[in-house]
Amino acid sequence: MVAKRRLLLSVATALTLVVTAAAPMVGATNEAKPTPLRAGSLLRVKDIAANGNTGKGQIVSVGWHEGSKPGQLYLAFSTDGGKDYRRTNGNLRRYPIVGIPSLGMSLAICADRVWAGTAYRSSSDRAGDSDVFLTSRTIGGGAKQALLTSTADARSVRNVSISCVGNRYIAIGWLNKNGAGKTTARLMIRSLEPLGSVPSFKNTYNLGVAEFKSGLDVAATPASVAVSFVRDGDLRLKRYDVDPDTGAIKALPLKTIVWQDVKNPRMAAKSKRLVVAYSDAGKVKAKTSKDLGATFGSPSTLVKTGGLKNQSRPYSVDVVGDRIVATATAYSTATGYRPQRITSSTFGEKWSSRTFGNKGARYAALLKKSGQDPLLQETWHNNAPKGSADTLRARYELQ
């Protein structure tokens, strides 16, 4: 361990902001009662996405893993801002998604479609091999699918992450381990023609060496794409400018934004604002930027418990204006792992947190419709005792 790096870490720690208060009251955000979506022997929530400005309504989508050995990935979506995920016949609007359930999924909503990025293993793949797979489902229509990497190549992928670049492109990031065992971070930017057709634009970028087990995430706006990943324990950020008129893409220099013992980055971007949450030596911290990652403020500690052995880590983060919502699993010796929601209405100057009683992951997003304040959307599962059913639930914030 290099002494200089430890000194820099100590200086950064001295500048860290800490979550200031707990907010245990549901009424603080005026939330509707939770809606049970599914019950089963094994349910694991994987992601949530929200877009209030589509031609098909205020869309909220939830993704989850159902069943075991290996189980199946599904997504459901609501067209009324998270109030109801059912079809007109009363059945859940539930669709199977191709992918390896244990490796999760990433959701995005744009061009009147719900997109799902997953890792995929074909029947001809060698043991341990996997590829990048993308599914789109048109709101009120059918689904399209595409394999984004070649099954002929020896490769394992992790942390497939997707984000819409306005209604022009979709950005897909992943960690890529080749047959020789070398891991790199990858990004594909693709235009939004239907999957299965030849896109007018598609390019894949090799972002360099990355840690296979430390995570990667992608966040985008109509004018930018950002990818966060870990190299040598440090959090790296690669950014691309997107010309809003021509769609031309310009790569910006790779930069390091957090040093040492970093894992599990989660990002969100909206307008000029970017937020990244991450595990830092087992605690959950966040950094904010008002210029899409060109500069960052001092880190805030969102979860102050946990360590290198038993790590607290973020599940999700979202941002609209000054409002940020993050979710995390917080470890303590007294209670083990418990989910938390951490929020700020001052773009990270002050934070509040709430701990929940469910055993399992929790994800949150902010639904923004033009002319309205952003509204919280949330989904979670509860790991029931053996012999009982797990439950998947969703909830929305009242206006």
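Residues numbered from 1 in each chain as written. Predicted model: local features only at pLDDT ≥ 70, side-chain atom pairs only at ≥ 80, totals over all residues. Heavy atoms only, no water.

S.K.: Requested: an account of the overall build of the protein chain, with residues and values cited.
M.R.: Within the protein chain one finds one helix and 31 strands. Relative to the compact-globule value of 21 Å for 399 residues, the protein chain shows a C-alpha radius of gyration of 20 Å, a close match. Out of the 399 residues in the protein chain, the part that is buried amounts to 54%. Summed over all atoms, the accessible surface of the protein chain reaches about 17,000 Å², with 50% contributed by carbon and sulfur. Across the protein chain, the centroid of the 58 positively charged side chains sits 5 Å from that of the 28 negatively charged ones. (Helix = DSSP H or I, 4+ residues; strand = E, 2+ residues; numbered from the N terminus. Rg over C-alpha atoms; globule rule 2.2 N^0.38 Å. Buried < 20%, exposed > 50% of the residue type's maximum accessible area, 1.4 Å probe, protein only. Areas by Shrake-Rupley, 256 points an atom, 1.4 Å probe, with all protein chains shown as cover. Lys, Arg positive; Asp, Glu negative; His and termini not counted. Charge placed at Lys NZ, Arg CZ, Asp CG, Glu CD.)

S.K.: Talk me through the sheet that holds strand 12 (residues 155–165); I want residue IDs and the actual numbers.
M.R.: By definition, the strands of a sheet pair up through backbone hydrogen bonds, in either a parallel or an antiparallel sense. Pairing in this open sheet of four strands is antiparallel, and the strands run 12-13-14-15 from one edge to the other. Looking at strand neighbours, the two that pair on one side only are strand 12 and strand 15 (202–209), the edges of this open sheet. The sheet shows a mean angle of 20° between the axes of neighbouring strands, direction not considered. Two strands pair when backbone bridges link them, and strand 13 (residues 169–178) and strand 14 (residues 183–191) are joined in this way by nine bridges, in the antiparallel orientation. Bridge assignment links G173 to a residue of strand 14, and that residue is L187. (Pairing = 2+ DSSP bridges. Axes fitted to C-alpha atoms, helices over the stretch in contact; angles between N-to-C directions.)

S.K.: I'd like a description of unusual backbone geometry, backed by residues and values.
M.R.: Cis geometry marks the peptide bond from K69 to P70, where omega comes out at -5°. Relative to the elements of secondary structure, P70 occurs in the loop between strand 5 (57–66) and strand 6 (72–78). In this model, Q260 sits at a positive phi of 75°, which is unusual for a non-glycine residue. Considering the arrangement of structural elements, one finds Q260 in the loop between strand 20 (255–258) and strand 21 (262–270). With phi around 55°, L292 is a residue other than glycine that occupies positive phi space. Inspection of the secondary structure puts L292 in the loop between strand 23 (283–289) and strand 24 (300–303).

S.K.: Can you break down the pairing of strand 31 (residues 390–396) residue by residue, with the values?
M.R.: One face of the sheet, then the other: side chains in a regular strand alternate in exactly this way. Burial analysis of strand 31 places six of its seven residues in the buried class, the great majority of the element. Relative to strand 31, strand 3 (residues 35–40) is paired through five bridges, and the arrangement is antiparallel. Bridge pairing in strand 31 links P36 to R393. Pairing geometry for strand 30 (residues 375–382) and strand 31, over six bridges, is antiparallel. The residue bridging H381 from the neighbouring strand is L392, located in strand 31.

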